[in-house]
Amino acid sequence: MDDTGDVEEKKPLMGPKKSGSASSQSRKGRLRQGGLSRVPIFKDDYGEGLRWLGGMFRGVMDDFRRRIPHYKSDMIDDAWNSKTFTATIMMFLATFISTIALGSTISRATDGMIGISEFLLMNGVAGMAHSLIGCQPLLIVRPTGPITLITAHLYALAGKFHCDFFVLLAWTGIFVGILMILIAGWELSRHIAILTPFSHDVFLFFVSTVYAVEGFTGVIERYTRPPKGAEGTSPHVALCISMYVLVLVVILRYSPTYFPKRIGSLLSDFSDGIAVFTATALSFVGPLPVKILRLSVLGGSSAVVQWREIERSASRPWIAPLGAGENAWVPVVIGLIVSIPVTIFFYLDQNVSALLAQQRRMQLSKGSYYHSSFLISGAFNLIFTIFGLPPATGSLPQSPQMVHALTNKDALPHEKKVMENRVAPLLVYSLIFLSLALFTGIIEMIPVAVADAILITVGLRGVFDTRLWKRLPTLFTPTTPTGDKRSSTCGTRVFLISQILVIGIVWTLNYTPVALAFPLVIAALIPLRMYILPKLILEADLEHLDPYEDDDRGPDIDVDADGKGDDDIDI
């Protein structure tokens, strides 16, 4: 319908922008018609990879149809170059270090029932499979921070209802996997495009705080509730180790300011690895009066993992006994109920990761893909949880990091190219998988305090990169009595307070008996943004604070209203 109310000829709902002025006119048009408060829901076309094709699994088949012609270049033409080598090392260190840190955390939360070995195995196997058959191989698929939180809640539920944890994990994974496969078949992943930066920032902020909270919890619990095997250890020494890692990572991250560009860039990219290596080495220097608590890959066993013989963290059969026990129906019912909010969270986690990795400013040239990766992740969760492995989904912030690592940053802006290939992620996951056979002894040298510090750095880095954090000073900005600045400042405050309240509710819910319902609160961001915020904030302010730019490649979630990058946000 045009501005006069007449019905126009039906045309695609989303198409490429013709020019900057056209984009500006489009933005003004949205303001006249109700703007972002009335962004259409359930559209047939949100852009490349997000168009409704009709018919079961048509979107999945379309993903493979568009990606298969690039398979040769994925494996040969774009694969064998220096970028692949550097990206492999950088992403292996980033993914491997955070995975063992999360494995250490879940081992504490589940009393050693599941730990580092399961996390590394799931990360390696699922990742290698996805890098070979996934339509977007640069999407990092692995057990994430929120998955660690969900798994800990499942363990608590199993204890409360006196059922086998691995059986409950398996049934939850089966139902989640089935729902994810159905979502991919019905092409529902395309609706992730209705999320605006308001929801993206809340989600990214929450995911990042999960990592940071898990790390801080590990530090605090050494004082309040020492873990098993902590006899003879000192929480003060552990705190010093954690602080060393935090300070060194911060120094190295900002080293480009003080070193030549190339050296500074390398120090920044490998800051986590350098911090872990030096902290571990220093923990062995000199005779210490206290014992250093170190990571345990096998839940307390010091045995070295032999080739082709990967052990479990706890003494249990590899396959969960799904129908065993007198009350075998209990984990089935609980798993079915829990699978609904868990699937909602996986929908957001996987697809927001895909959006971040494939936004148009990333300059990917081989297309955008959503349905196929969601289907593959669903199959992973359906199958591997039966073997006692944790679920896996698209990971933040590693997915966009993978794209950046393969980008030729030294070229001019219009000449930049992402060396999109499957070899780099395949090598990353292969090294993670082989680490169980080759690096177990090395992993068990790392102090637990180092793992906690890495989780804190990953979390805080993600928090500081969100627009929500960058806009927080506005809460304390004096309000001018007249002019547009007054409404803009007030609007920004309402906008930020709304985001903070949602995050606060989610975290409060996490410490209640219904903790696994937290994804429902995150899903409520959509109606909150669509129907409530427009009644509290002026439309012009919403358009400025929460832009929704779209083209044939789908929404670009990290561009502000002025078209600037996320590092230069005008509040």
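I will try to describe carefully the structure that is included in this document. (Residues numbered from 1 in each chain as written. Predicted model: local features only at pLDDT ≥ 70, side-chain atom pairs only at ≥ 80, totals over all residues. Heavy atoms only, no water.)

## A short note on the overall build of the protein
Worth spelling out the cut-off: Each helix corresponds to a stretch of at least 4 residues labelled H or I by DSSP, and each strand to a stretch of at least 2 residues labelled E; elements are numbered beginning at the N terminus. Throughout this description, buried means an accessible area under 20% of the type-specific maximum (1.4 Å probe, protein chains only), exposed means over 50%, and partly exposed covers the range between. By definition, residues are in contact when any of their heavy atoms lie within 4.5 Å.
In terms of regular secondary structure, the protein is built from 22 helices and four strands. Taking all 571 residues of the protein together, the buried fraction comes to 56%. Put simply, 81% of the contacts in the protein that link residues at least 6 apart link residues at least 24 apart.

## Let's talk about the pattern of salt bridges
What counts is decided by this rule: Between Lys or Arg on one side and Asp or Glu on the other, a salt bridge is scored when a side-chain nitrogen of the former is within 4 Å of a carboxyl oxygen of the latter.
Scanning the entire structure with this criterion turns up 15 salt bridges. With a shortest N-O distance of 3.2 Å, Asp74 and Arg422 are connected by a salt bridge. Here Arg422 lies in the loop between α14 (398–405) and α15 (423–438) and Asp74 lies in helix α3 (residues 71–77), a separation of 348 residues in the sequence. With a relative accessible area of 0%, Asp74 lands in the buried category. Put simply, Lys366 and Asp78 hold a salt bridge, and the shortest N to O gap is 2.9 Å. Here the residue Lys366 occupies a position in the loop between α12 (329–358) and α13 (371–384), and Asp78 occupies one in the loop between α3 and α4 (82–109), the gap between them amounting to 288 residues. The two residues Lys366 and Asp78 agree in class, both being buried.

## Examining the side chain of Thr440
Put simply, the test is: Nitrogen and oxygen atoms within 3.5 Å of one another constitute a polar contact, given that in protein one can donate a hydrogen and the other can accept it, and given that sequence-neighbouring residues count only through two side-chain atoms.
Among the structural elements, Thr440 can be located in helix α16 (residues 440–443). Among the polar contacts listed, one links the side chain of Thr440 to the backbone oxygen of Leu436, at a separation of 2.7 Å.

## Comments concerning the environment of Asn421
Looking at the element boundaries, Asn421 is found in the loop between α14 and α15. Taking the relative accessible area as the measure of exposure, Asn421 reaches 0% and is therefore buried. Sequence spacing of Asn421 and Trp80 is 341 residues, and the spatial spacing of their C-alpha atoms is 9.0 Å. Residues contacting Asn421, with those up to four places away along its chain left out, are Asp74, Asp78, Ala79, Thr84, Pro137, Leu138 and Leu406. Within polar-contact distance, the side chain of Asn421 engages the backbone nitrogen of Val423 at 3.0 Å.

## Quick look at the environment of Leu204
Structurally, Leu204 can be placed in helix α8 (residues 197–224). Linking Leu204 and Asp465, residues 261 residues apart in sequence, is a C-alpha distance of 9.2 Å. Residue contacts for Leu204: discarding those within four places in its chain leaves Leu356, Leu396 and Thr466.

## Here we look at helix α2 (residues 58–67)
Let me state the cut-off plainly: The reported arc concerns the directions from the helix axis to the C-beta atoms and nothing else.
Within α2 the residues assigned to the buried category are Gly59, Val60, Asp62, Asp63, Arg66 and Arg67. Taken end-on, α2 shows its buried residues confined to a sector of 160 degrees, consistent with a single buried face. Tucked inside the fold, the buried residues of α2 contact α3, α7 (165–185) and α13.

## Looking at unusual backbone geometry
The step from Leu396 to Pro397 runs through a cis peptide bond, and the omega angle for that step is 5 degrees. Within the secondary structure, Pro397 sits in the loop between β2 (393–394) and α14. Residue His162 is not a glycine yet carries a positive backbone phi of 55 degrees. One can find His162 in the loop between α6 (145–160) and α7. Residue class for His162 comes out exposed when judged on its relative accessible area of 74%. Within the chain, Glu187 stands out as a residue other than glycine whose phi angle is a positive 60 degrees. Locating Glu187 in the fold gives a position in the loop between α7 and α8.

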